[in-house]
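# Structural characterization, general
Okay, here's what each chain looks like letter by letter:
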Amino acid sequence: AGCRHDAGFLRAAFAAHQGHSESGPAMTELVNVVPNPSFEEVRDDKPLRWRVRDYSGSAVHSLDSPGHIGQHCLKIASDTGADASMFVEAPVEPGTEYRLSGWIKVQNLVRTSGLGALFNVHLMDVKTPAVSGTSDWQRVEVIFNTGDATRVSINCLFGGWGHSRGTAWFDD
């Protein structure tokens, strides 16, 4: 999720609205609350703090190079169809608006019964537009309010409420 140089998803994953100050009008401060936002922190060929969450079907989760901006990006692929993700937990302030944004690249991504490749906030009705087909990096975003939540689970989602086939890369 991101805002640094408009680089999307994980580099400045969320932009938290800080509200009004006593000395003047509303100020907005960009804050990255997502751990390891560009998959650059790696151990045993896996991005630190990110975990696999598979719903159905079979998918391969891996790091790939180069990323949209940095050395790494996340790659999820399935030949047979899957609804799968890698996710990370992020702290948030209750009742606050955040921007979840990022970059997605796809190759031969076919939506069989799912949406395609997207980012979403798990267990909330929050998702970016989905990407499918074959395309270079595309920036996607969604603005949402945290409600009562103090933590959210951010998915790099492949399939999404159904299966997709092909390859998707997620970054920044």
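Each remark here, short or long, concerns the structure printed above.
Residue positions are counted from 1 within each chain, in the order its sequence is given. Local features in this predicted model are restricted to residues of pLDDT 70 or higher, and side-chain atom pairs are both shown and tallied only at a pLDDT of 80 or more, whereas totals for entire chains, interfaces and linings draw on every residue. To obtain the side-chain values, all non-hydrogen atoms of the structure were included, while hydrogens and water were left out.

## Considerations on the packing of aromatic side chains
Selection rule: When the centres of two rings from Phe, Tyr and Trp lie within 6.5 Å, Trp using its six-membered ring, the rings pair. Their planes under 30 degrees apart give stacked, over 60 give edge-to-face, and anything left gives tilted. Secondary structure follows DSSP: runs of H or I at least 4 residues long count as helices, runs of E at least 2 residues long count as strands, and numbering of each begins at the N terminus.
Taken as a whole and assessed by the stated rule, the structure comprises three aromatic pairs. With 4.9 Å between their ring centres and 50 degrees between their planes, Phe39 and Trp50 make a pair best called tilted. Highlighted residues: Phe39 in the segment before β1 (42-43) and Trp50 in the loop between β2 (46-47) and β3 (51-57), separated in sequence by 11 residues. Here the aromatic rings of Tyr98 and Phe144 are separated by 6.1 Å at their centres, their planes lie at 25 degrees, and the arrangement is stacked.

## Describing unusual backbone geometry
Note the cut-off: Burial classes: relative accessible area under 20% of the type maximum marks a residue as buried, over 50% as exposed, and values in between as partly exposed (1.4 Å probe, protein chains only).
Of the consecutive residues Ser65 and Pro66, the connecting peptide bond is found in the cis state with omega at -10 degrees. Inspection of the secondary structure puts Pro66 in the loop between β4 (60-64) and β5 (73-91). With a phi close to 50 degrees, Asn36 is a non-glycine residue in the positive phi region. Summarising the element assignment, Asn36 is placed in the segment before β1. Phi is positive for Asp44, close to 55 degrees, though the residue is something other than glycine. Structurally, Asp44 can be placed in the loop between β1 and β2. By relative accessible area, Asp44 is classed as exposed at 67%.

That's the geometry; what it means functionally is another story.
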